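Examining the three-dimensional arrangement
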Amino acid sequence: MSEESATVTHPFLDLAPLGADRFAAIEDRVARLLSTEQDVVIMQGEALLPLEGAIRAAAGPGTTALNVITGPYGQTFGDWLRDCGATVVDLAVPFHTAVTAEQIRQAFAEHPEIDFVSLVHAEAATGNTNPVAEIGEVVRAHGALFYLDAVASVGAEPVLPDAWGVDLCVIGAQKAMGGPAGVSAVSVSERAWARMAANPRAPRRSYLSLLDWKERWIDGGRKALLHAPAQLEMLALEACVERIEAEGPDAVMARHASAAAATRAGAVALGGGVEPYVYEARDAAPVATTLRAPSGAVAAELVARALQADPAVPLAAGGGALAKEMIRVNHYGADATPGAVRASLAALGTALSEAGMSVDVAGALRAAEEAWR
Ligand SMILES: *Cc1c(COP(=O)(O)O)cnc(C)c1O
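Summarised in this report is the structure supplied together with it. (Residues numbered from 1 in each chain as written. Predicted model: local features only at pLDDT ≥ 70, side-chain atom pairs only at ≥ 80, totals over all residues. Heavy atoms only, no water.)

1. Focus: helix α10 (residues 249–270)
For α10, built from 22 residues, the straight-helix expectation of 32 Å at 1.5 Å per residue is met to within 8% by its first-to-last C-alpha distance of 31 Å. Of all the residues in α10, the buried ones are Val 252, Met 253, His 256, Ser 258, Ala 259, Ala 260, Ala 262, Thr 263, Arg 264, Gly 266, Ala 267 and Leu 270. After α10 finishes, the residue Gly 271 shows a positive phi value of roughly 70°. (Helix = DSSP H or I, 4+ residues; strand = E, 2+ residues; numbered from the N terminus. Expected span 1.5 Å × (residues − 1). Buried < 20%, exposed > 50% of the residue type's maximum accessible area, 1.4 Å probe, protein only.)

If you want it as structure tokens, here you go:
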């Protein structure tokens, strides 16, 4: 074999190393997407990496954390907080609703020692979204550090850490941004850096460590990276931010809001015993719409039938115990379109009628189209 033919070229392979300048430029671009002046640290892993890293850095035995649970991620955060030695006050609200700023205010009144608040903005897993702007005002007035999981909201609805007083705001590329799952970012306020620096148990010299990025990357003027960056994920992150900028963030968010409104209206008109899982439309997340399966039917079985009818639709059953009762329409990213919503409703209609329910698919498609505007 000649030397030229020994290596077959491939777009994913033989990538040049990604340099510090490019890495910093991508961080700046993510910061602009979040309209934040805070430091943005990109982390080379799925969003659980900065989600866990931020909690372990900012919370310790001296912390009293208010952990808001509106879905499965809130449960995970509570586990990490306890593992760090924090005292945890759980505020669990039913998955079919959202938490209110008033509930947060009451929790502060009952436990004035709270100095950390963890909250999930939107939950793709349960389909709800929480009023972060209002909650942020209450948290700021109390003075607690504010940690937010915005993985499922970024790209689908506004995420504004500075305006809302969020100290640690974690995003991932894999939902409404339409990017890969292997890269994520966190914006960090000066207050949050100070809290971490004062925490002797914060991870240091560790892949989980945010402080390593502060001390060795940011404080050094972002000249030397801590390790070889994951080029594919970084390039994909850059590409998905670029694509959002090109379409316009407002247009991308409007598409997600329309997809949610259309799916909700379509599901109501479909009948067959399907109902929106989140009771009030204002509590429903733009990123994904959850539906309650008709009584007597199993959500996971309906979803399997629907996927048989049309394997391309973004339908999934709820995770874990929710697999019996919850159908998820994951109309995010490339699926935040009228076509994906129509196809989802039609496939769901087929599944329901096969299971013996009476449905109005034509009415559902009409209602979805009207709700899309
Ligand atoms: C999707 C999502 C994540 C990321 O977790 P995955 O297990 O990779 O899906 C984190 N937080 C929230 C709220 C999410 O919706």
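2. Side note on the site of the ligand
Around the ligand, the neighbouring residues are Glu 46, Tyr 73, Val 120, Ala 122, Ala 124, Asp 149, Val 151, Ala 152, Gln 174 and Lys 175. Contact between the ligand and Glu 46: an oxygen atom at 2.3 Å from a side-chain N or O atom of the residue. Within the side chain of Lys 175, a nitrogen or oxygen atom sits 2.7 Å from an oxygen atom of the ligand. In terms of residue class, the shell around the ligand is built from 6 nonpolar, 1 polar and 3 charged. (Near = heavy atom within 4 Å. Polar contact = N/O pair within 3.5 Å; in protein donor to acceptor, adjacent residues only side chain to side chain. Nonpolar A, V, L, I, M, F, W, Y, C, P; charged D, E, K, R; others polar.)

3. Comments concerning helix α1 (residues 20–33)
With 14 residues, α1 extends 20 Å from end C-alpha to end C-alpha; this agrees with the ideal 20 Å at 1.5 Å per step. Taken together, the buried positions of α1 are Ala 20, Phe 23, Ala 24, Ile 26, Glu 27, Arg 29, Val 30 and Ala 31. Buried residues along α1 sit in contact with β1 (39–43), β8 (168–172), β9 (184–188), α8 (210–218) and α9 (231–247). Once α1 ends, the next one or two residues include Ser 35, with phi positive near 45°. (Contact = heavy atoms within 4.5 Å.)

4. Some words on the sheet that holds strand β4 (residues 116–120)
Spatially, β1-β9-β8-β7-β4-β2-β3 is the arrangement adopted by the 7 strands of the open sheet, whose pairing is mixed. Of all strands in the sheet, those bounded by a partner on one side alone are β1 and β3 (87–92). Shown here is a sheet whose adjacent strand axes are inclined to one another by a mean of 15°, direction ignored. As paired strands, β8 and β9 are joined by 5 bridges and run antiparallel to one another. Residue pairing for β9: Gly 172 is matched across the bridge by Ser 184. (Pairing = 2+ DSSP bridges. Axes fitted to C-alpha atoms, helices over the stretch in contact; angles between N-to-C directions.)

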